[in-house]
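Spelled out from the first residue to the last, the chains are:
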Amino acid sequence: MRAAGISTPRLDKMPGMFFSANPKELKETDHSLLDDKTHKKRPKTFGMDVKAYLRSMIPHLESGIKPSKSKDIRLSVNEVMQWSQSLEKLLANQIGQDVFRSFLKSEFSEENIEFWLACEDYKKTESDLLHRKAEKIYKAFVHSDAAKQINIDFHTRESTAKKIKAPTPTCFDEAQKIIYTLMEKDSYPRFLKSNIYLNLLNELQANSLK
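Residues numbered from 1 in each chain as written. Predicted model: local features only at pLDDT ≥ 70, side-chain atom pairs only at ≥ 80, totals over all residues. Heavy atoms only, no water.

Under an unreviewed UniProt entry, the name given to the chain is Regulator of G-protein signaling 1, and the organism recorded is Canis lupus familiaris.

Visitor: I'd like a rundown of the pattern of salt bridges, residues and numbers included.
Guide: Enumeration over the complete set of coordinates arrives at eight salt bridges. Between Glu120 and Lys123 there is a salt bridge, with its nearest N and O atoms 3.2 Å apart. Notably, a salt bridge pairs Lys123 with Asp173, separated by 3.9 Å at the nearest N-O pair. In this pair, Lys123 is assigned in the loop between helix 6 (111-122) and helix 7 (130-142) and Asp173 in helix 9 (residues 173-193), connecting sequence segments 50 residues apart. A relative accessible area of 36% means that Lys123 is categorised as partly exposed. Take Asp173: its relative accessible area is 30%, and that puts it in the partly exposed class. Within the structure, one salt-bridge network assembled from shared partners comprises Arg101, Glu114 and Lys148. (Salt bridge = Lys/Arg side-chain N within 4 Å of Asp/Glu carboxyl O. Helix = DSSP H or I, 4+ residues; strand = E, 2+ residues; numbered from the N terminus. Buried < 20%, exposed > 50% of the residue type's maximum accessible area, 1.4 Å probe, protein only.)

Visitor: So, the side chain of Ser76: which residues are in play, and what are the values?
Guide: Residue position: Ser76 is located in strand 2 (residues 75-76). One polar contact links the side chain of Ser76 to the main-chain amide nitrogen of Glu79, over a distance of 3.0 Å. (Polar contact = N/O pair within 3.5 Å; in protein donor to acceptor, adjacent residues only side chain to side chain.)

Visitor: Describe helix 10 (residues 195-208), with residues and values.
Guide: Its 14 residues place the ends of helix 10 19 Å apart at the C-alpha level, agreeing with the 20 Å of an ideal helix rising 1.5 Å per residue. Taken together, the buried positions of helix 10 are Ile196, Tyr197, Leu200, Leu201, Leu204, Asn207 and Ser208. What you see down the axis of helix 10 is that its buried residues fit within an arc of 125°, all on one side. (Expected span 1.5 Å × (residues − 1). Arc of directions from axis to C-beta.)

Visitor: Hey, could you go over the nonpolar core for me, with residue numbers and the actual values?
Guide: In terms of nonpolar packing, the biggest core is built from 41 residues, with Trp83, Phe100, Phe115, Val142, Phe172, Met183 and Phe191 touching the most fellow members. Put simply, the parts of the chain that give this core at least two residues each are helix 3 (77-82), helix 4 (87-91), helix 5 (94-106), helix 6, helix 7, helix 9 and helix 10. Of the residues forming this core, the biggest block, seven residues, is contributed by helix 6. In this view, Phe191 contacts Leu90, Val99, Phe100, Phe103 and Tyr197; residues no more than four positions away in its chain are not counted. (Core = buried A, V, L, I, M, F, W, Y, C linked by side-chain atoms within 4.5 Å. Contact = heavy atoms within 4.5 Å.)

Visitor: Kindly report on the packing of helix 7 against helix 8 (residues 154-163), identifying the contributing residues and their values.
Guide: With their axes 11 Å apart at the nearest point, helix 7 and helix 8 run at an angle of 160° to one another. Taken together, the axis directions place helix 7 and helix 8 in an arrangement best described as roughly antiparallel. Crossing angle aside, the handedness with which helix 7 passes helix 8 is left-handed. Facing helix 7, whose interface residues are Tyr138, Phe141 and Val142, helix 8 presents Arg157, Thr160 and Ala161. Looking at side-chain class alone, the contact of helix 7 with helix 8 contains four nonpolar, one polar and one charged residues. (Axes fitted to C-alpha atoms, helices over the stretch in contact; angles between N-to-C directions. Parallel < 35°, antiparallel > 145°, perpendicular 65-115°, else oblique. Left-handed = near helix turned anticlockwise from the far one by under 90°. Nonpolar A, V, L, I, M, F, W, Y, C, P; charged D, E, K, R; others polar.)

The structure is reproduced here in structure tokens:
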């Protein structure tokens with residue numbers, strides 16, 4: 001993909017490609033940067049249609065990218081390189097989550113990240129909604145007949161079944177930890193060696209030299 005040049009002289013030092021954005025919003029952003037004389041120099045960032053990129057890498061799958069609230073999403077080389085530092089940093093980044101989810105789909109193990117994300121969301125649930133949400137997560141991922149059954153031992157499965165009868169925000173913690181460790185030791189190292197990750201990083205690095 002070619003970098004989209006921006007006419008404002010100061011921004012010419014930050015070549016890049018952007019996700020679809022409203023021209024008016026870009027113009028307002030330019031002015032805010034020019035008016036702020038104390039604005040610190042930011043790392044070079046490059047936008048790309050990540051959803052289209054993932055579909056090109058895995059043509060038979062939907063990318064799993066969620067619609068973003070922001071119309072102007074950009075990625076920096078440093079940001080993507082940080083994904084290789086730890087699974088924690090990868091999952092802390094929304095686009096990183098989406099790219100990793102697509103990789104797991106290619107390996108038919110997307111239930112792992114879906115369960116992990118469901119558990120993260122569950123912990124933020126209000127107490128009066130815990131029971132309903134706990135049942136939903138249990139039936140979707142933990143039950144022995146679950147359509148997206150996660151790979152946990154019998155003891156943990158039984159223990160979780162008992163805990164959701166009187167649900168607390170931590171009743172899935174044991175199972176979530178097992179799945180996180182599984183992703184960290186199994187899927188994550190392969191992700192860092194995959195074309196999905198390496199090609200994305202290489203493309204951003206190439207754009208940074210233009």
